[in-house]
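Geometric and topological summary
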Amino acid sequence: MTDPEIPSAYVRDKRPPRETREQLRARIPGWGADLDPADRPSHPRLHYAPGTTGAHWDFPERQPERQPRERSIEHAFVTPVFGTAQPLRGVSGAIRRLAYRRFSEGRLAHWLLLIVGDRVDAWSSHLRSFATLHPDNPVTETGVRAEFTHGGLRSRRGRSDARHHVLDPVIVAGPWVAGAAVTYTGVRRLVRALRH
Amino acid sequence: MRAMVYRGPYKVRVEEKDVPAVEHPNDAIVRVTLAAICGSDLHLYHGLMPDTRVGHTFGHEFIGVVEQVGSSVQNLQVGDRVMVPFNISCGSCWFCARELYSNCHNVNPNATAVGGIYGYSHTTGGYDGGQAQYVRVPFADVGPVRIPDWMHDEDAVLLTDAAATGYFGAQLGEIAEGDTVVVLGAGPVGLIAAQSSWLMGAGRVIVVDHLQERLEKARTMAHAETLDYDEHDDVVVELKRQTDFLGADVVIEAAGAEADGNLLQQVTGTKLKLQGGSPVALNWAIDGARKGGTVSVVGAYGPIPNAVKFGDALNKGLTLRMNQTPVKRQWPRMFEHVRNGHLTPRAMVTHRFPLEHIAEAYHVFSAKLDGCIKPLVLPDAA
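On a predicted model such as this, the values are computed, not experimentally measured, just so you know.

Helix and strand counts for chain A come out as seven helices and zero strands. For chain A, the N- to C-terminal ordering of α and β elements is α-α-α-α-α-α-α. Computed over C-alpha atoms, the radius of gyration of chain A comes to 29 Å, more than 25% over the 16 Å expected from 2.2 N^0.38 for 196 residues, which places it beyond the range of a compact globule. Each principal axis of the C-alpha distribution contributes one length, and for chain A these read about 90 × 60 × 45 Å. Classification of the 196 residues of chain A by burial places 31% in the buried group. If you take every contact in chain A between residues at least 6 apart in sequence, the share linking residues at least 24 apart comes to 23%. Of the roughly 13300 Å² of accessible surface on chain A, 61% is carried by carbon and sulfur atoms.

This chain's UniProt record puts "domain: Alcohol dehydrogenase-like C-terminal" (unreviewed entry) on residues 188–259 of chain B. Split by type, residues 188–259 of chain B is 40% helix and 22% strand. Its first and last C-alpha atoms lie 14 Å apart.

Before going further, it helps to spend a moment on the domain arrangement of chain B. Reports of interface size often rely on the accessible area that becomes lost once the parts have come together. Residues and elements named next belong to chain B. Segmenting chain B into domains produces domain 1 (2–161 + 326–378) and domain 2 (166–322). On a C-alpha basis, the centres of domain 1 and domain 2 stand 25 Å from each other. Between domain 1 and domain 2, the contact holds 25 residues from the first and 24 residues from the second. A combined buried area of about 2100 Å² lies between domain 1 and domain 2, and 69% of that area is made up of carbon and sulfur atoms. Of all residues in domain 1, Leu48, Met348 and Ile373 give up the largest surface area on contact with domain 2, accounting jointly for 27% of the area buried on that side. Between domain 1 and domain 2 we count zero salt bridges in total. Linking domain 1 to domain 2 there are seven residue pairs in polar contact (both at pLDDT 80 or more). Those elements that place two or more of their residues in the side of domain 1 that touches domain 2 are α1 (41–45) and α10 (327–340). The element contributing the most residues to the side of domain 1 that touches domain 2 is α10, with four residues.

Turning our attention to the sheet that holds strand β14 (residues 289–297) of chain B. All names here are of chain B. Reading across the sheet, the six strands line up as β12-β11-β10-β13-β14-β15 and stay open at both edges, with parallel pairing between neighbours. Because the sheet does not close on itself, it has two edges, and the strands there are β12 (225–228) and β15 (319–322). Direction aside, the axes of adjacent strands within the sheet are offset by 20° on average. On top of the sheet, helix α4 (residues 188–199) reaches β10 (180–184), β11 (204–209) and β13 (248–253); it is set at about 170° to β11, its chief contact.

Next up on the list: the pairing of strand β2 (residues 11–16) of chain B. Residue and element names in this part refer to chain B. As judged from the six bridges shared by strand β1 (residues 2–8) and β2, these two strands associate in the antiparallel manner. Bridging from a neighbouring strand, Arg2 pairs with Glu16 of β2. Where β1 folds back on β2, the antiparallel hairpin that results is connected by two residues, among which Tyr10 adopts a positive phi of roughly 70°.

The next thing to look at is the UniProt feature "domain: Alcohol dehydrogenase-like N-terminal" (unreviewed entry) in chain B. The sites that carry the UniProt feature "domain: Alcohol dehydrogenase-like N-terminal" (unreviewed entry) are, in the present numbering, residues 25–144 of chain B. Counted over residues 25–144 of chain B, helix gives 4% and strand 25%. Its end C-alpha atoms are 15 Å apart.

Turning to the interface of chain B and chain A, a few remarks are in order. Contact residues are listed per partner, giving 110 residues for chain B and 97 residues for chain A. Buried area between chain B and chain A, summed over both chains or domains, comes out near 8200 Å², and the portion from carbon and sulfur atoms is 53%. Taken as a group, Arg53, Pro109 and Arg329 of chain B account for 8% of the area that chain B buries against chain A, more than any other trio of residues on that side. Here Glu225 of chain B makes a salt bridge to Arg18 of chain A, at a shortest N to O gap of 3.8 Å. Viewed at the interface, chain A and chain B are joined by 77 residue pairs in polar contact (both at pLDDT 80 or more). Put simply, the parts of the chain that give the side of chain B that touches chain A at least two residues each are β1, β2, α3 (162–172), α4, α7 (263–271), α10, β16 (351–354) and α11 (358–366) of chain B.

We now examine the packing of α3 of chain B against α10 of chain B. To describe two helices that pack against each other, one gives the angle between their axes and the distance between the axes. Residues and elements named next belong to chain B. Contact geometry for α3 and α10: axes closest at 10 Å, N-to-C directions at 95°. Between α3 and α10, the interaxial angle falls into the category roughly perpendicular. Contacts between α3 and α10 involve Ala163, Ala164, Tyr167, Phe168 and Gln171 from the former and Val327, Gln330, Arg333, Met334 and His337 from the latter. Residue composition of the contact of α3 with α10, by class: six nonpolar, three polar and one charged.

Our next topic: a nonpolar patch on the surface. Taken together, the side chains of Val166, Leu167 and Val170 of chain A together with Leu263 of chain B make up a nonpolar region of the molecular surface, amounting to roughly 370 Å² of accessible area. For Leu167 of chain A, the position within the fold is in the loop between α6 (152–156) and α7 (168–195).

Residues and elements named next belong to chain B. Running from N to C, helix α6 (residues 235–242) and helix α8 (residues 280–288) cross one another at 35°; their axes reach a closest spacing of 9 Å. Considering the relative orientation of α6 and α8, their crossing is right-handed. Here Val235, Val236, Leu239 and Lys240 of α6 come into contact with α8, specifically with Trp284, Asp287 and Gly288. Here the contact of α6 with α8 is composed, by residue class, of four nonpolar, one polar and two charged.

It is worth spelling out helix α5 (residues 212–220) of chain B at this point. Residues and elements named next belong to chain B. Residues of α5 that are buried: Arg214, Leu215 and Ala218. Down the axis of α5, the sector holding all buried residues measures 100°, keeping them to one side. If you follow the buried residues of α5, they end up packed against α4, β11, β12 and α11.

This part takes up the pairing of β11 of chain B. Residue and element names in this part refer to chain B. Burial within β11 is extensive, with six of its six residues counted as buried. Alternating positions in β11 separate into two faces, Arg204, Ile206 and Val208 on one and Val205, Val207 and Asp209 on the other, with burial throughout. Pairing of β10 with β11, which is carried by five bridges, proceeds in the parallel orientation. Paired with Thr180 across the bridge in β11 is Arg204. Pairing of β11 with β12, which is carried by four bridges, proceeds in the parallel orientation. In the strand pairing of β12, Ile206 is matched with Glu225. Handedness of the crossover joining β11 and β12 through α5 is recorded here as right-handed.

Rules used throughout
Residues numbered from 1 in each chain as written. Chains lettered and ligands numbered in written order. Predicted model: local features only at pLDDT ≥ 70, side-chain atom pairs only at ≥ 80, totals over all residues. Heavy atoms only, no water. Helix = DSSP H or I, 4+ residues; strand = E, 2+ residues; numbered from the N terminus. Rg over C-alpha atoms; globule rule 2.2 N^0.38 Å. Buried < 20%, exposed > 50% of the residue type's maximum accessible area, 1.4 Å probe, protein only. Contact = heavy atoms within 4.5 Å. Areas by Shrake-Rupley, 256 points an atom, 1.4 Å probe, with all protein chains shown as cover. UniProt positions renumbered as here; feature names shortened; annotations may be inferred. Domains from an automatic or database assignment. Buried area = accessible area lost by both parts, 1.4 Å probe. Salt bridge = Lys/Arg side-chain N within 4 Å of Asp/Glu carboxyl O. Polar contact = N/O pair within 3.5 Å; in protein donor to acceptor, adjacent residues only side chain to side chain. Pairing = 2+ DSSP bridges. Axes fitted to C-alpha atoms, helices over the stretch in contact; angles between N-to-C directions. Parallel < 35°, antiparallel > 145°, perpendicular 65-115°, else oblique. Nonpolar A, V, L, I, M, F, W, Y, C, P; charged D, E, K, R; others polar. Patch = residues over 30% accessible without salt bridge, like charges linked within 9 Å, V, L, I, M, F, W, Y side chains within 5 Å. Left-handed = near helix turned anticlockwise from the far one by under 90°. Arc of directions from axis to C-beta. Right-handed = clockwise from strand over helix to strand, strands pointing away.

Below you can see the structure in the form of structure tokens.
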């Protein structure tokens with residue numbers, strides 16, 4: 001045995017375990033029950049067992065496509081089964097449709113367009129809600145009342161993720177300032193162009 | 001019916017929606033009796049997952065009673081109490097035939113890189129989820145299983161994702177007897193991953209987090225050593241010190257795309273959204289594993305790229321293993337472990353919210369108020 005003062009990483013020998021099998025079995029319920037990899041459900045990774053899945057078809061019957069369904073261009077076709085919740089609509093729908101039609105999943109533009117579609121969807125839905133009997137309510141929909149019923153202050157005391165940083169004002173105000181600057185610059189250029 | 005509805009980042013409410021209909025001969029309609037909010041639902045709630053549409057109902061952890069079945073359903077009957085894996089899978093594609101149920105190619109037209117998931121945006125197929133009174137369950141002959149009489153409902157609902165994912169994460173680590181296993185994140189997935197690591201013969205299990213109630217749960221429920229990263233200037237150095245400067249044989253990354261612990265990653269990822277979340281835990285996993293070790297990733301990440309230290313993984317000769325959990329494949333063995341008391345999913349449940357209080361439920365879970373580790377949702381509670 002090499003010098004025990006030298007950490008394991010620097011020597012050949014494996015150090016003896018802290019606890020024996022018997023000690024671990026006595027302390028931990030079920031210790032070693034899946035020691036044999038054969039007892040682990042996901043071993044081996046690929047396990048060809050088509051007769052056990054519950055499927056009684058070679059290829060599933062196709063779900064009716066009641067309106068054109070967007071799909072990844074990496075798919076050969078619309079999959080035989082798909083979700084029908086929240087079909088594409090409006091400006092956000094047009095952005096999302098472009099993302100699906102033009103860019104594969106391998107292109108960052110695909111995902112960024114979908115994120116833009118999400119923000120347009122959120123803002124337009126928010127504005128539309130004010131024309132309904134059920135407008136968005138930032139108090140009830142953010143659940144912020146739980147701050148008072150579930151110990152908002154108490155729960156955050158001493159937590160590193162609850163501390164504010166010098167960068168926080170930049171993060172919060174930065175996008176608004178940048179947007180205002182871009183708008184101001186654009187408007188000024190437009191005005192100058194019109195004057196000349 | 002009443003259903004949770006997404007209204008934009010950090011905003012949800014309960015609305016009246018149509019009861020879902022059978023749209024395919026192998027569909028079932030399930031009346032939800034118990035649902036849960038998963039940590040990965042928070043990525044949707046925070047606006048990190050592309051193509052999350054206003055009006056979407058979240059929820060991929062739920063159990064319920066079969067209310068209606070399509071004409072080709074053979075294995076379920078109206079009135080059956082069922083638990084439904086979070087994966088939607090056809091059972092017959094190349095991947096399902098090899099029991100990779102989470103990678104099904106026949107259920108998600110929106111993407112090929114991810115399978116179908118209930119209530120998890122259109123990127124995973126555009127299916128409304130189970131934080132509602134009713135839900136459409138495609139391929140009823142493949143996914144759902146009758147809940148055994150002996151099983152507690154709260155165990156059953158957690159087996160549909162969080163518990164199965166923890167167990168799967170330990171398997172991905174290919175743990176050998178005596179291994180030192182580090183689990184990053186003491187949320188529901190991490191706690192079960194820690195319990196499962198012992199089943200596979202771990203010699204030491206160290207759970208890393210910074211929330212005291214979660215670390216306490218890791219000690220009492222999972223019998224693990226704990227490490228509070230707030231107490232150390234550099235958690236990777238501390239992990240090296242605690243493992244005799246080798247690093248861990250296996251690191252299970254159970255935190256996912258919104259991990260705390262690094263300001264730069266937090267700012268660029270979760271706040272400015274310049275990358276697909278904050279891969280702090282993933283980088284700690286790569287740095288904390290020993291050379292030639294294994295990193296198992298079961299924390300959820302989306303499709304947008306992250307700043308990951310891939311060069312270190314290469315230079316250390318690490319094995320990186322990851323996937324969404326093929327839930328149904330885990331169940332027979334997990335049922336034995338739950339029945340024997342080796343795995344105790346319902347010990348993680350801290351909060352139970354009526355569906356009508358869904359906005360408070362999301363806020364409490366997201367802000368980690370009141371010691372919240374795992375919140376359940378009761379669709380029919382007053």
